[in-house]
Amino acid sequence: MRSVDARPSPYTFDPATTALIVIDMQRDFLEPGGFGESLGNDVAELRRTIAPLAALLTDVRAAGLTVIHTREGHRPDLSDCPPAKLHRGAPSKRIGDPGPNGRILIRGEYGHDIIDELKPVAGEPVLDKPGKGAFYDTELESLLAERGIRSLLVTGVTTEVCVHTTVREANDRGYECLVLADCVGSYFPEFQRVGLDMIAAQGGIFGWVGDSADLRHALHTTSVLQSS
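Residues numbered from 1 in each chain as written. Predicted model: local features only at pLDDT ≥ 70, side-chain atom pairs only at ≥ 80, totals over all residues. Heavy atoms only, no water.

*Asks:* Just give me the short version of the overall build of the protein, but keep the residues and values in it.
*Replies:* In terms of helices and strands, the protein carries 9 helices and 11 strands. In the protein, which comprises 228 residues, the share counted as buried stands at 49%. Residue pairs in contact within the protein that sit at least 24 positions apart in sequence constitute 73% of those at least 6 positions apart. When the accessible surface of the protein is split by element, carbon and sulfur atoms take 52% of a total near 10,000 Å². Each charge class in the protein was averaged separately, 23 positive and 32 negative side chains, and the resulting centres sit 3 Å apart. (Helix = DSSP H or I, 4+ residues; strand = E, 2+ residues; numbered from the N terminus. Buried < 20%, exposed > 50% of the residue type's maximum accessible area, 1.4 Å probe, protein only. Contact = heavy atoms within 4.5 Å. Areas by Shrake-Rupley, 256 points an atom, 1.4 Å probe, with all protein chains shown as cover. Lys, Arg positive; Asp, Glu negative; His and termini not counted. Charge placed at Lys NZ, Arg CZ, Asp CG, Glu CD.)

What follows is the structure in structure tokens.
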């Protein structure tokens, strides 16, 4: 077992039953000149996560943990995009409309794919999700069950939307989640702060919040800590 300093208390995990989930690190959200920036967002707020996440991926892969990537997006015919989602956003900048990197949030388009800095390697599952949460209408739950995963290291964007939704879904299903503050991001600094505080509040109502440097140190440290 390994232990990581975190809020509201140390987070303990077994690498053999732990997976790193990388949520929606896509060009549409993170690339300068892309869809996210076209809406007036500062993509630098998301891009600060790239370097620590890349370093974390290197160590997690070396330690042999399961790594799972997600991409938010829809079929080209939009048959999996409900009106409540399709009609959100500014006219001409909605899901399926032409964007800087192809049709916005459409599977197979250049903007829909994961940024080059964090490309999945062979054998790492990439789950395409039509919703905000990673469990909705995906194979994530069965994939985790097949691999005996009980703990999730959560990274990606955005903190208050897809990360939060996934952590809440995971908590309801009994997974123990550690959200890595420097590896999740929001376009809005106040949402980042409050979103992380909400996860760790009330004794960790949804999970734990920690830092990737502490996790990387734990991965390099042999521990005889026994689970209680």
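*Asks:* Give a detailed account of the state of the cysteines, specifying residues and quantitative values.
*Replies:* Scanning all chains against the criterion turns up 0 disulfides. Free cysteine Cys 81: the closest other cysteine sulfur is in Cys 162, separated by 13 Å. (Disulfide = S-S within 2.5 Å.)

*Asks:* Tell me about the sheet that holds strand β5 (residues 66–72), and please be specific about residues and values.
*Replies:* Pairing is mixed in the open sheet, where 7 strands are placed in the order β2-β11-β10-β9-β4-β5-β8. The open sheet has two edge strands, β2 (6–7) and β8 (126–129), and neither has a second partner. Here strand β10 (residues 176–185) runs beside strand β11 (residues 208–210); their pairing, made up of 3 bridges, is parallel. Looking at β11, one finds that Leu 180 is bridged to Gly 210. Its contacts with the sheet put helix α8 (residues 189–204) on β2, β10 and β11, and the angle it makes with β10 is roughly 165 degrees. (Pairing = 2+ DSSP bridges. Axes fitted to C-alpha atoms, helices over the stretch in contact; angles between N-to-C directions.)

*Asks:* Just give me the short version of the pairing of strand β9 (residues 151–157), but keep the residues and values in it.
*Replies:* Every regular strand shows the same layout, with side chains that alternate between the two sheet faces. Most of β9 sits out of view: 7 of its 7 residues are buried. Both faces of β9 are covered, namely the face carrying Ser 151, Leu 153, Thr 155 and Val 157 and the face carrying Leu 152, Val 154 and Gly 156. Looking at chain direction, strand β4 (residues 18–23) and β9 are connected through 6 bridges and run parallel. Of the residues in β9, the one forming a bridge with Val 22 is Thr 155. Direction of pairing for β9 relative to β10: parallel, over a ladder of 6 bridges. Looking at β10, one finds that Leu 153 is bridged to Leu 178.

*Asks:* Any chance you could break down the packing of helix α4 (residues 50–63) against helix α9 (residues 212–219) for me, citing the residues and the numbers?
*Replies:* For any two helices packed against each other, the geometry is given by the interaxial angle and the distance between the axes. Two numbers describe how α4 lies on α9: the axes approach to 10 Å, and their chain directions differ by 20 degrees. As the angle between them shows, α4 and α9 are arranged roughly parallel. Here α4 and α9 pass one another in a crossing that is left-handed. Contacts between α4 and α9 involve Pro 52, Ala 55, Leu 56, Asp 59, Val 60 and Ala 63 from the first element and Ser 212, Leu 215, Arg 216 and Leu 219 from the second. A class-by-class count of the residues in the contact of α4 with α9 yields 7 nonpolar, 1 polar and 2 charged. (Parallel < 35°, antiparallel > 145°, perpendicular 65-115°, else oblique. Left-handed = near helix turned anticlockwise from the far one by under 90°. Nonpolar A, V, L, I, M, F, W, Y, C, P; charged D, E, K, R; others polar.)

*Asks:* Break down the layout of surface pockets for me, citing the residues and quoting the values.
*Replies:* Here the largest pocket defines a volume of roughly 580 Å³. Taken together, 22 residues form the lining of the largest pocket, with Phe 29, Phe 35, Leu 105, Lys 132 and Val 161 sitting closest to its centre. Listing elements by their share of the lining of the largest pocket, those giving two or more residues are α2 (35–38), α5 (83–86) and α7 (159–172). By residue number, the principal contributor to the lining of the largest pocket is α7, which donates 3 residues. Class assignment for the residues of the lining of the largest pocket results in 11 nonpolar, 4 polar and 7 charged. (1 Å grid on protein atoms, 1.4 Å probe; cavity = no way out; pocket = protein on both sides within 12 Å on 5 of 7 lines; lining within 4 Å. Points joined across faces, edges and corners; volume = space filled by probe spheres on them.)

*Asks:* Summarise the environment of Leu 105; cite the residues concerned and give the values.
*Replies:* Relative to the helices and strands, Leu 105 resides in the loop between β7 (102–103) and β8. Residues Leu 105 and Glu 146, spaced 41 residues apart in sequence, show a C-alpha to C-alpha distance of 29 Å. Setting aside residues no more than four positions away along its own chain, Leu 105 makes contact with Gln 26, Asp 28, Phe 29, Glu 72, Gly 73, His 74 and Ile 95.

*Asks:* Describe the side chain of Arg 27, naming the residues involved and giving the relevant values.
*Replies:* Mapped onto the elements, Arg 27 comes out in helix α1 (residues 27–30). On the accessibility criterion, Arg 27 (5% relative accessible area) is buried. Within the local environment of Arg 27, its side chain forms a polar contact with the side chain of Asp 116, the two groups lying 2.9 Å apart. Setting aside anything within four residues of it in sequence, one finds Arg 27 in contact with Asn 101, Tyr 110, Gly 111, Asp 113, Ile 114, Ile 115, Asp 116 and Lys 119. (Polar contact = N/O pair within 3.5 Å; in protein donor to acceptor, adjacent residues only side chain to side chain.)

These values are about where atoms sit, not about what they do.
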